[in-house]
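Working through the structure, step by step
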Amino acid sequence: MAALSVQVPYPVFYDRSGNPLDNGNIYIGVVNLDPVTNPIQVYYDDALSLPASQPIKTTNGYIYRNGTPANIYVNASNFSICRIVTG
């Protein structure tokens, strides 16, 4: 039997102190460029039919959509990502 890796169901983002990023902004953009000034389209579903606007807000380290943690998807093999702490 092959071993399976246990993965978290949602990505968690942290602030500079190592705490879950609360009220933060996530930007996703063109690979090797600043994602704030060079964003790419991001989606809430793997069918790429539910666009997400940037910046993507975090609550307690998670990206939320309609009050529940959410994953995000891009139509790219590589991308840049950054988090900005607000407040």
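Our structure is the block above this text.
Right, let's walk through the structure included here. (Residues numbered from 1 in each chain as written. Predicted model: local features only at pLDDT ≥ 70, side-chain atom pairs only at ≥ 80, totals over all residues. Heavy atoms only, no water.)

1. Describing the overall build of the chain
Secondary structure assignment for the chain yields zero helices and eight strands. Counting from the amino terminus, helix and strand elements in the chain follow one another as β-β-β-β-β-β-β-β. Its C-alpha atoms give the chain principal-axis dimensions of about 45 × 30 × 30 Å. Relative to its 87 residues, the chain shows a buried fraction of 24%. Considering only contacts within the chain whose residues lie at least 6 apart along the sequence, 68% involve residues at least 24 apart. In the structure as shown, the chain presents an accessible area of about 5,800 Å², 51% of it carried by carbon and sulfur atoms. When the 4 basic and 5 acidic side-chain charges of the chain are each reduced to a single mean position, those positions are 6 Å apart. (Helix = DSSP H or I, 4+ residues; strand = E, 2+ residues; numbered from the N terminus. Buried < 20%, exposed > 50% of the residue type's maximum accessible area, 1.4 Å probe, protein only. Contact = heavy atoms within 4.5 Å. Areas by Shrake-Rupley, 256 points an atom, 1.4 Å probe, with all protein chains shown as cover. Lys, Arg positive; Asp, Glu negative; His and termini not counted. Charge placed at Lys NZ, Arg CZ, Asp CG, Glu CD.)

2. Description of unusual backbone geometry
The amide bond that connects Gln 54 to the next residue, Pro 55, takes the cis arrangement and shows omega of 5°. Structurally, the position occupied by Pro 55 is in the loop between strand 3 (51–52) and strand 4 (56–59). Non-glycine residue Asn 66 carries a positive phi angle of around 55°. Residue position: Asn 66 is located in the loop between strand 5 (62–65) and strand 6 (68–69). We classify Asn 66 as exposed; its relative accessible area is 68%.

3. What to know about the sheet that holds strand 6
Taken in spatial order, the five strands make up an open sheet running 6-5-4-1-8, and their pairing is antiparallel. Where the open sheet ends on each side, the last strands, each with one partner, are strand 6 and strand 8 (80–85). Both strand 1 (residues 24–29) and strand 4 contribute to a ladder of two bridges, which runs antiparallel. Its bridge partner being in strand 4, Ile 26 is matched across the sheet by Ile 56. (Pairing = 2+ DSSP bridges.)

4. So, the nonpolar core
Phe 13, Leu 21, Ile 26, Ile 28, Val 42, Ala 52, Ile 56, Ile 63 and Ile 72 together form the largest nonpolar core, which totals nine residues. When neighbours within four sequence positions are excluded, Leu 21 is seen to be in contact with Phe 13, Tyr 14, Asp 15, Ile 26, Thr 58, Thr 59, Asn 60, Gly 61, Arg 83 and Val 85. (Core = buried A, V, L, I, M, F, W, Y, C linked by side-chain atoms within 4.5 Å.)

5. A closer look at the sheet that holds strand 3
The three strands lie next to each other as 3-2-7, forming an open sheet whose pairing is antiparallel. A strand with exactly one partner marks an edge of an open sheet, and here the two such strands are strand 3 and strand 7 (73–74).

6. Focus on the environment of Pro 35
Mapped onto the elements of the fold, Pro 35 is located in the loop between strand 1 and strand 2 (42–43). Placed 20 residues apart in sequence, Pro 35 and Pro 55 show a C-alpha to C-alpha distance of 9.8 Å. Once residues within four sequence positions are removed from consideration, Pro 35 is found in contact with Tyr 27, Ile 28, Gly 29, Ser 80, Ile 81 and Cys 82.

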